[in-house]
Amino acid sequence: MNVSVVGVQWGDEGKGKVVDIYSKDAEVIVRYQGGNNAGHTLVVHGKKTVLHLIPSGVLHPEKICLIGNGVVVDPAVFFEEIDELVEAGILKAKNEDGRLWVSERAHVILPYHCALDQCRETYAGSGKGKIGTTSRGIGPAYEDKVARRGIQVVDLLYPQLLEQKLVRALEEKNTLFQSFFKREPFDVSEMLDYGLKLGERLKPYIKDVRKDLLTAMKQKKPILFEGAQGTLLDVDHGTYPYVTSSTTASGGASPGSGVSPNSFNEIIGITKAYTTRVGTGPFPTEVAGTPDAPAGEQIADLGKEFGATTGRPRRVGWLDLVALKYAVEINGLTGLAFMKVDVMNGLKEVRLCTDYLIKDNKTQDFPSCIDDCESAKPVYETLPGWSDYDASAVHKREDLPQELQDYMKRVEDYVGIPIVLLSTGPGRDETLLFSNPFKVASSKSV
Ligand code: GDP
């Protein structure tokens with residue numbers, strides 16, 4: 001049984017929690033795109049752990065965690081997380097228990113990638129050209145990959161090859177650094193030394209991850225594919241150019257891990273009960289500057305809407321059903337995980353965006369043109385809100401306040417798929433699982 005989970009908004013939907021919950025029933029957990037620009041916050045028994053690169057399933061003892069070829073790996077960040085997890089007794093040093101593996105084919109983020117990111121963001125200033133990246137070198141590493149001058153993890157074990165590749169990678173960049181950004185160039189031999197040291201430390205974690213996945217599938221082991229960021233940040237289908245550099249939609253799980261496209265039984269989309277966005281870019285249902293701003297303030301406040309990786313405050317708005325339906329289609333979702341409903345408790349009224357008005361035309365189609373997306377005016381349906389309730393006394397959907405049940409039903413009717421998980425707080429136990437994707441009798445057998 002292979003289950004894929006993806007964020008369906010602009011990221012920060014609470015994927016960490018969902019992956020953590022589903023990991024209980026998986027044996028293998030795989031990340032397949034993005035880098036350490038994703039940040040998953042997990043709260044287990046009241047203890048908070050933030051993971052940027054290592055799959056969130058790691059908190060479950062004995063699960064195998066894989067970082068697929070589609071991920072860009074900053075080894076320095078990887079080791080920081082390992083050190084923390086080793087200290088907490090979650091992982092064994094030097095991968096002695098063989099729980100964590102990185103694909104030989106994954107691309108490496110090196111200091112010059114981060115420098116390029118930072119130079120560009122500084123150059124763009126605070127103007128419209130600013131994409132709002134996390135400046136962690138993710139974009140430049142993906143650029144190098146596509147331009148065929150990237151460094152793969154396996155290269156760190158081959159000094160001669162690494163040197164040749166570094167020369168090629170730095171030739172153009174150093175010209176850019178010196179002449180355009182007026183910054184010091186990078187020295188090939190220093191980078192070589194740095195890369196080989198990383199390789200030495202990374203060696204116990206490097207593997208042909210694709211082969212392990214194939215074996216696990218043949219053995220019918222349950223596998224969880226963990227997406228990062230969100231569908232509206234997808235490089236093809238998101239609000240381009242305000243997107244990330246990888247395929248965040250579920251389709252990316254196949255090339256990003258090496259399994260075939262027909263490998264997935266269930267694809268669960270994770271959405272908040274409202275919407276947030278970090279950084280620049282269109283956001284039709286944003287409430288700042290509208291009469292609903294106070295509701296947004298409650299949501300931002302109770303939802304602690306600050307990025308796990310960057311600490312940047314998130315922009316807040318109502319749930320956008322036009323965007324959600326688009327995400328259902330792009331990802332082929334079979335169910336929704338509906339997160340952070342508790343944050344909306346006590347609001348007198350809640351709104352759902354059912355249409356956009358673009359140049360006076362009402363539409364339910366998510367626009368391709370960024371200017372249309374910027375100018376889209378949300379058309380809302382207003383529903384009564386639900387008052388605060390004792391979530392610990394709720395064991396099934398019918399126990400929820402009627403208004404919340406109605407809100408969920410309207411969302412399901414609009415997008416055409418069921419809510420399979422409801423999250424009413426950050427903790428593992430603050431969750432209602434209506435159906436478990438690893439246990440559903442799927443019509444598809446892989
Ligand atoms: P991710 O990148 O998608 O994993 O999202 P983040 O970790 O950046 O943000 C999710 C935040 O919401 C984390 O701090 C979680 O602990 C928290 N969270 C997850 N589910 C819920 C929920 O149902 N209610 C509340 N109040 N917080 C939640």
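Residues numbered from 1 in each chain as written. Predicted model: local features only at pLDDT ≥ 70, side-chain atom pairs only at ≥ 80, totals over all residues. Heavy atoms only, no water.

Caption draft 1: Structural detail: the overall build of the protein. Across its full length, the protein holds 11 helices and 20 strands. Each principal axis of the C-alpha distribution contributes one length, and for the protein these read about 65 × 50 × 40 Å. Taken across its 446 residues, the protein has 56% of its residues classed as buried. A separation threshold of at least 6 residues defines the contact pool for the protein, and within that pool the share at least 24 residues apart is 76%. (Helix = DSSP H or I, 4+ residues; strand = E, 2+ residues; numbered from the N terminus. Buried < 20%, exposed > 50% of the residue type's maximum accessible area, 1.4 Å probe, protein only. Contact = heavy atoms within 4.5 Å.)

Caption draft 2: Region of the structure containing the nonpolar core. Among the nonpolar cores identified, the biggest contains 66 residues, and Leu213, Phe225, Phe338, Met344 and Tyr407 are the most heavily contacted of them. A per-element tally of this core places helix α9 (residues 321-331) first, with 7 residues. Contacts of Tyr407, omitting those with residues within four sequence positions, involve Ala273, Leu319, Phe338, Met344, Val350, Arg351, Leu352, Leu383 and Trp386. Counting residues in each nonpolar core, the second largest holds 39 residues, with Leu59, Phe78, Leu110 and Tyr205 among its members. (Core = buried A, V, L, I, M, F, W, Y, C linked by side-chain atoms within 4.5 Å.)

Caption draft 3: Representation of the sheet that holds strand β19 (residues 419-423) in the model. Read across the sheet, 10 strands follow the order β9-β7-β5-β2-β10-β1-β11-β15-β19-β20 without closing on themselves; strand pairing throughout is mixed. In this open sheet, the two edge strands, each paired with only one partner strand, are β9 (206-207) and β20 (431-433). Two strands pair when backbone bridges link them, and strand β1 (residues 2-7) and strand β11 (residues 266-272) are joined in this way by 5 bridges, in the parallel orientation. Bridge pairing links Ser4 to Ile267 in β11. Each of β1, β2 (28-31), β10 (223-226), β11, β15 (335-339), β19 and β20 is contacted by helix α1 (residues 15-23), which is oriented at about 165 degrees to β1, the strand it contacts most. (Pairing = 2+ DSSP bridges. Axes fitted to C-alpha atoms, helices over the stretch in contact; angles between N-to-C directions.)

Caption draft 4: Just a positive patch on the surface, in detail. Together, Arg105, Arg210, Lys211 and Lys218 make up a positively charged patch on the protein surface. Summarising the element assignment, Arg210 is placed in helix α7 (residues 209-218). The exposure class assigned to Arg210 is partly exposed, which follows from its relative accessible area of 36%. (Patch = residues over 30% accessible without salt bridge, like charges linked within 9 Å, V, L, I, M, F, W, Y side chains within 5 Å. Areas by Shrake-Rupley, 256 points an atom, 1.4 Å probe, with all protein chains shown as cover. Salt bridge = Lys/Arg side-chain N within 4 Å of Asp/Glu carboxyl O. Lys, Arg positive; Asp, Glu negative; His and termini not counted. Charge placed at Lys NZ, Arg CZ, Asp CG, Glu CD.)

Caption draft 5: Just the site of the ligand, in detail. Taken together, the neighbourhood of the ligand is formed by 20 residues, with Lys15, Gly16, Gly39, Asp342 and Ser423 sitting nearest. One nitrogen or oxygen atom from the side chain of Asp342 is found 2.8 Å from a nitrogen atom belonging to the ligand. For the shell around the ligand, the secondary structure elements donating two or more residues are α1 and β3 (40-44). Among the residues forming the shell around the ligand, the class breakdown is 5 nonpolar, 8 polar and 7 charged. Two domains each donate at least three residues to the shell around the ligand, and these are domain 1 (2-101 + 211-263) and domain 3 (272-438). (Near = heavy atom within 4 Å. Polar contact = N/O pair within 3.5 Å; in protein donor to acceptor, adjacent residues only side chain to side chain. Nonpolar A, V, L, I, M, F, W, Y, C, P; charged D, E, K, R; others polar. Domains from an automatic or database assignment.)

Caption draft 6: Quick peek at a nonpolar patch on the surface. Residues Tyr123, Leu176 and Phe180 make up a contiguous nonpolar surface patch of roughly 330 Å² in combined accessible area. Positionally, Leu176 belongs in helix α5 (residues 159-180). Under the relative-accessibility criterion, Leu176 is labelled partly exposed at 33%.

Caption draft 7: Highlighting the side chain of Arg31. Note that Arg31 resides in strand β2. For the buried Arg31, no salt bridge is present, and the opposite-charge side chain at shortest range is Glu226, 5.0 Å distant. Only 3.2 Å separates the side chain of Arg31 from the backbone oxygen of Gly35, close enough to count as a polar contact. One polar contact links the side chain of Arg31 to the main-chain carbonyl oxygen of Leu53, over a distance of 3.5 Å. Setting aside its immediate chain neighbours within four residues, Arg31 contacts Ala38, His52, Leu53, Pro55, Leu66, Ile67, Gly68, Val71, Glu226 and Ala228.

Caption draft 8: Representation of the packing of aromatic side chains in the model. Considering all chains together, one arrives at 11 aromatic pairs under this definition. A ring pair is formed by Phe338 and Tyr407, whose centres lie 6.1 Å apart and whose planes are at 50 degrees; its orientation type is tilted. On the criterion of sequence distance, the pair formed by Phe338 in strand β15 and Tyr407 in helix α11 (residues 402-415) is long-range, its members being 69 residues apart. Neither residue differs from the other here; Phe338 and Tyr407 are each classed as buried. Through successive ring pairs, a cluster of aromatic residues spans Phe78, Phe79 and Tyr205. The ring of Phe434 is capped by Arg397, whose NZ or CZ atom sits 5.7 Å from the centre of that ring. (Phe/Tyr/Trp six-rings, centres within 6.5 Å; stacked < 30°, edge-to-face > 60°. Lys NZ or Arg CZ within 6 Å of the ring centre and 35° of its normal.)

Caption draft 9: Spatial organisation of the domain arrangement of the protein. Here the domain parsing of the protein yields domain 1 (2-101 + 211-263), domain 2 (107-202) and domain 3 (272-438). Between domain 1 and domain 3, the contact holds 40 residues from the first and 41 residues from the second. Across the interface of domain 1 and domain 3, roughly 3,100 Å² is buried in total on both sides, 63% from carbon and sulfur atoms. By the criterion of area lost to domain 3, the three top residues of domain 1 are Trp10, Lys17 and Tyr22, representing 22% of everything that side buries. Linking domain 1 with domain 3 are 2 salt bridges. Note that Arg314 is salt-bridged to Asp12, the shortest N-O span being 3.2 Å. In this assembly, domain 1 and domain 3 are joined by 17 residue pairs in polar contact (both at pLDDT 80 or more). (Buried area = accessible area lost by both parts, 1.4 Å probe.)

Caption draft 10: Structural view of the pattern of salt bridges. For the coordinates displayed, the defined rule picks out 24 salt bridges. Here Lys15 makes a salt bridge to Glu13, at a shortest N to O gap of 2.7 Å. Given a relative accessible area of 4%, Lys15 falls into the buried group. Residue Glu13 is classed as buried on the basis of its relative accessible area, which comes to 0%. Residue Lys396 pairs with Asp399 through a salt bridge whose shortest N-O separation is 3.3 Å. The exposure class assigned to Lys396 is partly exposed, which follows from its relative accessible area of 46%. Accessibility expressed as a relative area gives 31% for Asp399, which makes it partly exposed.

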